[in-house]
Amino acid sequence: MFITFEGVEGSGKTTQIKRLTARLEAAGRTVVVTRQPGGCALGTTLRAILLSTKTQNLDSRAELFLYLADRAQHVAEVIRPAQAAGHVVVCDRFADSTVAYQGYGRGLDVALLNTLNDVAVAGAWPQHTFLLDIDPEQGLRRALARNIEAGCAVNEGRFEAEALDFHRLVRQGYLALASQHPRRFSTLDAAKSPDAVADDIWRVLQPELG
Ligand code: TMP
């Protein structure tokens, strides 16, 4: 099973992935937790470039191709082998982030992004995508507090530094994706308590675990 988490900054993906992993492991599953960008060696290098506030004047198309390169390598090196071994793969962001951020956020052509994502994903589309939906203003407040606490406000803040309007477009993009793929997406209210969101996620997945 391949599960992805999506959402604007500060939507609580990391917390929910930890909670879901604990529940899946308690149910006897082996879970591979990974993320984009950064889930493989190439991705670690690309992540440092993509998220650093020191990266300036990065052209939207160059940014796009770095995300796609990360995705293609990550699918080949991490996701496919984990699936072949029968593990549950839980990924923090995947191809939908490209449509939401580079498409709706940056304004690149969404139809073209869908085609390029198909090339990078090479058939390894997730069975379930949890969209943790939250007002971007609230999410950004959480993300900035988290970054300051973790001491990484400078190293990984390039997207948090985008204007609120950018994040509003990203959210619109996610909601559009969720309505286009209702069977794959579950949209959850991420303003609820972490316990309540974790229960919502488990209610969706538990019936499928057999
Ligand atoms: P995160 O790991 O803290 O969520 O940060 C990843 C950032 O990269 C986040 O701001 C969203 C952005 N991103 C894209 O713009 N396009 C993509 O395809 C992916 C995977 C992430």
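Coordinates for the structure precede this section.
Residues numbered from 1 in each chain as written. Predicted model: local features only at pLDDT ≥ 70, side-chain atom pairs only at ≥ 80, totals over all residues. Heavy atoms only, no water.

Caption draft 1: The overall build of the protein, seen in detail. Broken down by element type, the protein carries 8 helices and 5 strands. The C-alpha atoms of the protein give a radius of gyration of 16 Å, which matches the 17 Å a tight globule of 210 residues would have. Once local pairs closer than 6 in sequence are excluded, the contacts in the protein between residues at least 24 apart make up 80%. Accessible surface, the protein: about 9,700 Å² in total, of which carbon and sulfur atoms supply 53%. Looking at the protein, you have 23 positive and 24 negative side-chain charges, and the mean spots of the two groups are 2 Å apart. (Helix = DSSP H or I, 4+ residues; strand = E, 2+ residues; numbered from the N terminus. Rg over C-alpha atoms; globule rule 2.2 N^0.38 Å. Contact = heavy atoms within 4.5 Å. Areas by Shrake-Rupley, 256 points an atom, 1.4 Å probe, with all protein chains shown as cover. Lys, Arg positive; Asp, Glu negative; His and termini not counted. Charge placed at Lys NZ, Arg CZ, Asp CG, Glu CD.)

Caption draft 2: Broad picture of the nonpolar core. Grouped together as the largest cluster of nonpolar side chains are 34 residues, with contacts concentrated most on I3, F5, L20, L24, V90 and I201. Contact partners of I3, with chain neighbours within four places excluded, come to L20, V88, V89, V90, C91, H128, F130 and L205. Among the nonpolar cores identified, the runner-up in size contains 10 residues, and V75, A82, A95 and V121 belong to it. (Core = buried A, V, L, I, M, F, W, Y, C linked by side-chain atoms within 4.5 Å. Buried < 20%, exposed > 50% of the residue type's maximum accessible area, 1.4 Å probe, protein only.)

Caption draft 3: Here's a closer look at the side chain of S186. Looking at where S186 falls in the secondary structure, it is placed in strand β5 (residues 185–189). Every residue in contact with S186, bar those within four places of it in the chain, is listed here: T129, F130, L131 and V204.

Caption draft 4: Examining the site of the ligand more closely. The environment of the ligand is formed by 14 residues, the closest being E9, Y67, R93, T98 and Q102. Within the contact set of the ligand, an oxygen atom lies 3.3 Å away from a side-chain nitrogen or oxygen of K13. Within the contact set of the ligand, a nitrogen atom lies 2.8 Å away from a side-chain nitrogen or oxygen of Q102. Considering the ligand on its own, with 480 Å² of exposed area, one finds that the protein chains cover 94% of that surface. (Near = heavy atom within 4 Å. Polar contact = N/O pair within 3.5 Å; in protein donor to acceptor, adjacent residues only side chain to side chain.)

Caption draft 5: Looking closely at the pattern of salt bridges. All told, the structure shown has 16 salt bridges when counted by the stated rule. With a closest N to O distance of 2.4 Å, R19 and D195 form a salt bridge. Residue R19 is located in helix α1 (residues 13–26), and its partner D195 is located in helix α8 (residues 194–209); the two are separated by 176 residues in the primary sequence. The class for R19 is partly exposed, based on a relative accessible area of 32%. (Salt bridge = Lys/Arg side-chain N within 4 Å of Asp/Glu carboxyl O.)

Caption draft 6: Focus on the sheet that holds β5. Pairing is parallel across the open sheet formed by 5 strands, whose spatial order is β2-β3-β1-β4-β5. Both outer strands of the open sheet, β2 (31–35) and β5, are each paired with one neighbouring strand and no more. Direction aside, the axes of adjacent strands within the sheet are offset by 20° on average. In the sheet, β2 pairs with strand β3 (residues 88–92) via 5 bridges, with the strands oriented parallel. Bridge assignment links T34 to a residue of β3, and that residue is C91. (Pairing = 2+ DSSP bridges. Axes fitted to C-alpha atoms, helices over the stretch in contact; angles between N-to-C directions.)

Caption draft 7: Focus on unusual backbone geometry. With an omega dihedral of -10°, the bond running from Q36 to P37 counts as a cis peptide bond. Locating P37 in the fold gives a position in the loop between β2 and α2 (41–51). Despite not being glycine, N57 shows a phi value in the positive range, around 60°. With respect to the helices and strands, the residue N57 is situated in the loop between α2 and α3 (60–84).

Caption draft 8: Seen up close, α8. Counted at 1.5 Å a residue, the expected span for α8 with its 16 residues is 22 Å, and the 22 Å between its end C-alpha atoms agrees. A bend of about 30° at R203 is the largest found in α8, and the proline P207 appears one to four places after it. Among the residues making up α8, those that are buried are V197, A198, D200, I201, W202, L205 and L209. Elements that come into contact with the buried residues of α8 comprise β1 (2–6), α1, β4 (128–133) and β5. Just past α8, the residue G210 takes up positive phi, approximately 75°. (Expected span 1.5 Å × (residues − 1). Bend = angle between axes of the 7 residues up to and from the residue.)

This is a description of form; function is not addressed.
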